Amino acid sequence: MFRWMLTFSEEGGKTKMPGYMVTLLAPTDSAIWSALNRLGYTSKEAVEQDGTAKGILADIGRYHVLPPVEPLKATWTTPFMRGDVNMYTVLSGGKTVSAKQDGSGKVTILSPKSSATLTEKDLYACKGYVEVLDAVLIPWAMKGYA
């Protein structure tokens, strides 16, 4: 489902390119379906036929992609997600998410309108990493979200 969501933006094509160096904050399929249902959609087809929905999912997809930190080209992994670190996403306008890690190693990613916990950490994928989330991160106020 996450790859499908990314297809609405340029990031979908990039994930197929060798050497694509990012950290993907990938919500589980059930988390994406839960978000789609909260937004009023019950099928992929309904989203694909709604230009507004595709635009929203493109932005939400970009919001789940963390480019490498310059100048080191370092990708984000859980050892660096401590305190209240801010991480820039590829969503334009300098949108950020923040991360905090508790004493047991549980990592929570926070966005302005939601939060998610990492369920699988630091899965190596080519030159980047995938962090699996239990929820979709929402960067702004929208129907279905506070």
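I will try to describe carefully the structure that is included in this document. (Residues numbered from 1 in each chain as written. Predicted model: local features only at pLDDT ≥ 70, side-chain atom pairs only at ≥ 80, totals over all residues. Heavy atoms only, no water.)

With respect to burial, strand S1 (residues 23-27) is a largely interior element, 5 of its 5 residues being buried. Of the two faces of S1, both are covered, the one formed by Thr23, Leu25 and Pro27 as well as the one formed by Leu24 and Ala26. Looking at chain direction, S1 and strand S7 (residues 128-133) are connected through 5 bridges and run parallel. Each residue of the ladder has a partner; that of leucine 24, found in S7, is valine 130. (Buried < 20%, exposed > 50% of the residue type's maximum accessible area, 1.4 Å probe, protein only. Helix = DSSP H or I, 4+ residues; strand = E, 2+ residues; numbered from the N terminus. Pairing = 2+ DSSP bridges.)

Let us now look at the pattern of salt bridges. For the structure on display, the rule yields 4 salt bridges. One salt bridge connects glutamate 11 with lysine 14, and the closest N-O pair in it is separated by 3.4 Å. One end of the pair is glutamate 11 and the other is lysine 14, both in helix H2 (residues 11-14) and 3 residues apart, which spans about a single turn. Overall, the relative accessible area of 4% leaves glutamate 11 in the buried class. (Salt bridge = Lys/Arg side-chain N within 4 Å of Asp/Glu carboxyl O.)

Turning our eyes to something else, we now look at unusual backbone geometry. Trans is the prevailing form of peptide bonds, just as negative phi is the prevailing case for residues other than glycine. Cis geometry marks the peptide bond from glutamate 70 to proline 71; its omega dihedral reads 0°. Looking at the secondary structure, you find proline 71 in the loop between strand S2 (65-66) and strand S3 (85-88). Backbone geometry at lysine 73 places phi at a positive 55°, although glycine is not the residue there. Mapped onto the secondary structure, lysine 73 falls in the loop between S2 and S3. Taking relative accessible area as the criterion, lysine 73 reaches 46% and is therefore assigned partly exposed. A positive phi is found at aspartate 122, a non-glycine position, where the angle reads about 50°. Along the chain, the position of aspartate 122 falls in strand S6 (residues 114-125).

Let us now look at the sheet that holds S6. Spatially, S2-S1-S7-S6-S5-S4-S3 is the arrangement adopted by the 7 strands of the open sheet, whose pairing is mixed. With partners counted over all chains shown, the strands left at the sheet margins are S2 and S3, one partner each. Pairing analysis gives 4 bridges linking strand S4 (residues 96-101) to strand S5 (residues 107-111), with the strands arranged antiparallel. Counterpart to lysine 100 in the pairing with S5 is threonine 108.

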